[in-house]
Amino acid sequence: MKKIYATLLAVIAATTLSFARTFDGTEKIYLKANAVSWWIDANAAQRAVLDNETPVIGEIEDADRFIYAFTIPAGDFSTIRFERAETAELPAWNATGDIAIPAEGNYVTAFEQNSTDATWSTYEPAGEVVYTTHHITVTNNTGWTGFFVYAWGSSEAFGAWPGSDQLSLDFQAADGEVTLHLIFHQDDGEDNRQLFDITEARDYELVVTAETVTEGTPQGVENVTEQKCTHKFIKDGQLFILREGKTYNALGTEL
């Protein structure tokens, strides 16, 4: 029984691996190249390799959405591997695994380096990109002598390195999608840096210290403000000052 079961599994595996999809020479496979945010960096050439031997160079289909089209030559093909390189002819900088081509679907919307896993759907041309603007408020609690924020990913949102020295920043999301890798730094090499990723199109309040970046308002701000508040009052015709829980006269002498 075990031998029959093992043989059946082998037959199923062989059948799965031997599947090939037939293309007529005009059909295209599309890739959302920025599904891996850095895949489009350095103006990389986009290349696909069919069955580990037939290269196809990608052409931009939708520049705003970083979608590339690969015209598949006539024939039967089982796998496709996506690569990025300095030029179409040079060896790949990075590549996926050999991804199985499904019987249906022509658009890869999600993939990973060195992986054979991918998400397939059917490509449909979209209209103009809808951009929305979102705001980042930064609290600098680092104590650094310099403070900059640089962003890479969907765009260099705050300019080229070292980025911006502002604590109030805006970024744009295209069709509600954004991927920004923030680097908070002192511009002194690798010593003073903190990282934070933005993957949701919304507003952010970020608190940056020399050790970490967190979302939300600075901890303890209300307490510090309360302790530093100064209250003045008059009693029996004399001016008194209440500061940080202590009482002083008009000359500043503690009572």
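Asker: Go over the overall build of the protein, please, and point to the residues and values.
Answerer: Within the protein one finds two helices and 22 strands. Considering the protein as a whole, with its 255 residues, one finds that 34% of them fall into the buried category. Partitioning the contacts of the protein with sequence separation of at least 6, the portion at a separation of at least 24 is 54%. When the accessible area of the protein is evaluated, it comes to approximately 15,400 Å², of which 51% is carbon and sulfur surface.

Asker: Describe the pairing of strand β11 (residues 107-111), and please don't skip the residues or the numbers.
Answerer: Examined bridge by bridge, strand β2 (residues 28-32) and β11 share two bridges and lie parallel to one another. Note that in β11 the partner of Y30 across the bridge is Y107. Of the pairings in the sheet, the one linking β11 to strand β12 (residues 118-121) comprises four bridges and is antiparallel in character. Bridge pairing in β12 places A110 opposite T119. With antiparallel pairing between neighbouring strands as the criterion, β11 and β12 make up a hairpin whose turn holds six residues, including N114 at a positive phi of roughly 65°.

Asker: Tell me about the nonpolar core, and please be specific about residues and values.
Answerer: Counting 21 residues, the largest nonpolar core has I29, L31, L50, F70, I72, I80 and F82 as its most contacted members. Breaking this core down by element, the ones donating at least two residues are β2, β3 (45-50), β6 (67-71), β8 (79-85) and β11. When residues no more than four places from it in sequence are discounted, the contact partners of F70 are E27, K28, I29, L31, Q46, R47, A48, V56, I57, G58 and F82. Listed in part, the 20 residues of the second largest apolar core include F147, L169, L206 and V213.

Asker: Residues and numbers for the side chain of N94, please.
Answerer: For N94, the location among the structural elements is in strand β9 (residues 92-95). One polar contact links N94 to R84, side chain to side chain, over a distance of 2.7 Å. At 2.8 Å, the side chain of N94 forms a polar contact with the side chain of Q113. Beyond its immediate stretch of four places on either side in the chain, N94 contacts W38, W39, F82, E83, R84 and Q113.

Asker: Account for the pattern of salt bridges, with residues named and values stated.
Answerer: Per the stated rule, a full pass over the model turns up eight salt bridges. Between K32 and E177 there is a salt bridge, with its nearest N and O atoms 3.4 Å apart. Remark: E177 occurs in the loop between β15 (168-174) and β16 (180-185) and K32 occurs in strand β2; sequence separation between them is 145 residues. Since its relative accessible area comes to 14%, K32 is described here as buried. Several salt bridges converge on common partners, so that one network encompasses R47, R81, E83 and D98.

Asker: Quick one: what's the story with the sheet that holds β15, residue by residue and with numbers?
Answerer: Reading across from one edge, β15-β13-β18-β19 is the order of the four strands in this open sheet, with mixed pairing throughout. The sheet terminates laterally at β15 and β19 (213-215), the two strands that pair on one side only. Averaged over all pairs of adjacent strands, the angle between strand axes in this sheet comes to 30°, irrespective of strand direction. Note: strand β13 (residues 131-141) against strand β18 (residues 204-209), six bridges, orientation parallel. Bridge pairing in β18 places T137 opposite E205.

Asker: How would you sum up the side chain of R81? Please name residues and give values.
Answerer: Tracing the chain through its elements places R81 in strand β8. Here N52 takes part through its side chain, which lies 2.7 Å from a polar atom of the side chain of R81. With sequence-adjacent residues up to four places away left out, R81 is seen in contact with R47, A48, V49, N52, A95, T96, G97 and D98.

Asker: Could you give an account of the packing of aromatic side chains, with specific residues and numbers?
Answerer: Within the structure shown, the criterion is met by eleven aromatic pairs. The interplanar angle of 25° and the centroid separation of 5.9 Å between the aromatic rings of F147 and F184 together place this pair among those described as stacked. Of the two residues, F147 is situated in the loop between β13 and β14 (148-153) and F184 in strand β16; the sequence distance between them amounts to 37 residues. Judged by relative accessible area, which is 9%, F147 ranks as buried. Looking at F184, the relative accessible area reads 0%, which means it is buried. Aromatic side chains F171 and Y204 sit 6.3 Å apart centroid to centroid with 50° between the ring planes, which places their arrangement in the tilted category. Highlighted residues: F171 in strand β15 and Y204 in strand β18, separated in sequence by 33 residues. The exposure class assigned to F171 is buried, which follows from its relative accessible area of 2%. For Y204, a relative accessible area of 4% gives the class buried.

Analysis parameters
- Residues numbered from 1 in each chain as written.
- Predicted model: local features only at pLDDT ≥ 70, side-chain atom pairs only at ≥ 80, totals over all residues.
- Heavy atoms only, no water.
- Helix = DSSP H or I, 4+ residues; strand = E, 2+ residues; numbered from the N terminus.
- Buried < 20%, exposed > 50% of the residue type's maximum accessible area, 1.4 Å probe, protein only.
- Contact = heavy atoms within 4.5 Å.
- Areas by Shrake-Rupley, 256 points an atom, 1.4 Å probe, with all protein chains shown as cover.
- Pairing = 2+ DSSP bridges.
- Core = buried A, V, L, I, M, F, W, Y, C linked by side-chain atoms within 4.5 Å.
- Polar contact = N/O pair within 3.5 Å; in protein donor to acceptor, adjacent residues only side chain to side chain.
- Salt bridge = Lys/Arg side-chain N within 4 Å of Asp/Glu carboxyl O.
- Axes fitted to C-alpha atoms, helices over the stretch in contact; angles between N-to-C directions.
- Phe/Tyr/Trp six-rings, centres within 6.5 Å; stacked < 30°, edge-to-face > 60°.

In short, the description is geometric, and any link to function would need to be established separately.
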